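The lines below spell out each chain.
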Amino acid sequence: MLITPKHTIDEALSDVKSQLTRAAADNHHKMRFFSVSTLDLDTHSINNRMVVLRTFFNDWRVRFYTDFRTQKVLELKQNPQTSLLFWDSSKNIQIRMKTTAIIYHNDDLSKREWTHVQGEARKSYNSRLKPGSPIASPDEAYLWPAELSDEYFTVIDCIPFSLQILQLNRQEHLSLVFTRTDPAHEWNGGWIVP
Ligand SMILES: Cc1cc2nc3c(=O)[nH]c(=O)nc-3n(C[C@H](O)[C@H](O)[C@H](O)COP(=O)(O)O)c2cc1C
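(A) View of the site of the ligand. Residues in contact with the ligand, as listed here, are F33, R49, M50, V51, V52, Y65, T66, T70, Q71 and K72. One of the backbone N or O atoms of M50 is found 2.7 Å from an oxygen atom in the ligand. Residue Q71 places a main-chain N or O atom 3.3 Å away from an oxygen atom belonging to the ligand. Within the residue set of the shell around the ligand, elements represented by two or more residues are strand 2 (45-52), strand 4 (62-67) and helix 2 (71-78). For the shell around the ligand, the per-class residue count stands at 5 nonpolar, 3 polar and 2 charged.

(B) Just the pattern of salt bridges, in detail. In total, this model carries 9 salt bridges according to the counting rule given. As a salt-bridge pair, R63 and D157 come within 2.7 Å of each other at their nearest N and O atoms. Of this pair, R63 sits in strand 4 while D157 sits in strand 7 (residues 153-167); the two residues are 94 residues apart in sequence, bridging distant segments of the chain. For the pair shown, R63 and D157 are each scored as buried. Linking D67 and R69 is a salt bridge whose minimum nitrogen-to-oxygen distance equals 2.8 Å.

(C) Local environment of the nonpolar core. Counting 32 residues, the largest nonpolar core has F86 and M97 as the members making the most contacts within it. Counting residues per element, the ones that place at least two in this core are helix 1 (9-25), strand 1 (33-40), strand 4, strand 5 (81-88), strand 6 (93-105), strand 7 and strand 8 (174-179). A total of 6 residues in this core trace back to one element, the largest contributor, which is helix 1. Excluding anything up to four places from it in sequence, M97 contacts L20, F56, W60, V62, T82, S83, L84, F86, P160, S162 and L163. If you look at the next biggest cluster of nonpolar residues, it comprises 8 residues, including L109, V117, Y125 and F153.

What counts as what
- Counting starts from 1 at the beginning of each chain's written sequence and moves along it residue by residue.
- Where local features are concerned, this predicted model is filtered to residues with pLDDT of at least 70; where side-chain atom pairs are given and counted, the filter is 80 or more; whole-chain, interface and lining totals use all residues.
- Where side-chain values are given, they derive from all heavy atoms of the structure, hydrogens and water being excluded.
- Near residues are defined by distance, with any heavy atom within 4 Å of the molecule or strand qualifying the residue.
- Counting of polar contacts relies on pairs of N or O atoms within 3.5 Å, with two restrictions inside protein: one atom must be capable of donating a hydrogen and the other of accepting it, and residues adjacent in sequence are counted only when both atoms are side-chain atoms.
- For helices the rule is a DSSP run of H or I covering at least 4 residues; for strands it is a run of E covering at least 2, with both sets numbered from the N terminus onward.
- In this classification, Asp, Glu, Lys and Arg are treated as charged, Ala, Val, Leu, Ile, Met, Phe, Trp, Tyr, Cys and Pro as nonpolar, and every other residue, Gly included, as polar.
- When a carboxyl oxygen of Asp or Glu is within 4 Å of a side-chain nitrogen of Lys or Arg, the pair counts as a salt bridge.
- Relative accessible area decides the class of each residue, using a 1.4 Å probe on protein chains only: under 20% of the type maximum gives buried, over 50% gives exposed, and in between gives partly exposed.
- Here, nonpolar core refers to any group of buried Ala, Val, Leu, Ile, Met, Phe, Trp, Tyr and Cys residues whose side-chain atoms link them within 4.5 Å.
- Working rule for contacts: check all heavy atoms of both residues, and any pair within 4.5 Å makes them a contact.

Below is the structure:
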């Protein structure tokens, strides 16, 4: 249990923030992987998928990496509204965020981040065939150019404007909601009925 009834609102926020900061640095942290939902405006349907938390910033910005050719980037270009979901099964805590995504591709920031992606990990952003392409057999996906480049490497930053924390605790769950209009502002909110 991370949040207890004795927590102040500020303590609850601060504990969640420090867990997310640790998750970005620790491969074994339960919140290292999270789900990102996007809206497909063509079909008016929602897609979600797991990604790796790469950085969690002091202003609660959430960073992950992807390939520019993926469906999620197509959707984010059309509509940057995203929803993130974190779950820590060791602490029984769920974190939900509504965010606005910013795409960094082929720019200074993505080139700087690319230097953190080393060796074989670079293959994840270098498949010869576009992610999502139909293939006759799995082998066809494992083709990479001799030179692994950052051509498709993309950094996505999600800026939260709404935050919901749910701490499970038998029959006495705890929940808090917050909003903010600007990432430079403090979170406004408090306890709600779970
Ligand atoms: C645990 C886990 C972590 C993943 N991490 C990433 C990631 O950091 N970036 C990414 O683009 N895809 C990641 N994936 C794959 C995505 O979930 C998804 O299948 C892929 O990116 C294609 O999604 P899209 O077609 O919706 O764009 C991960 C999948 C799992 C199961």
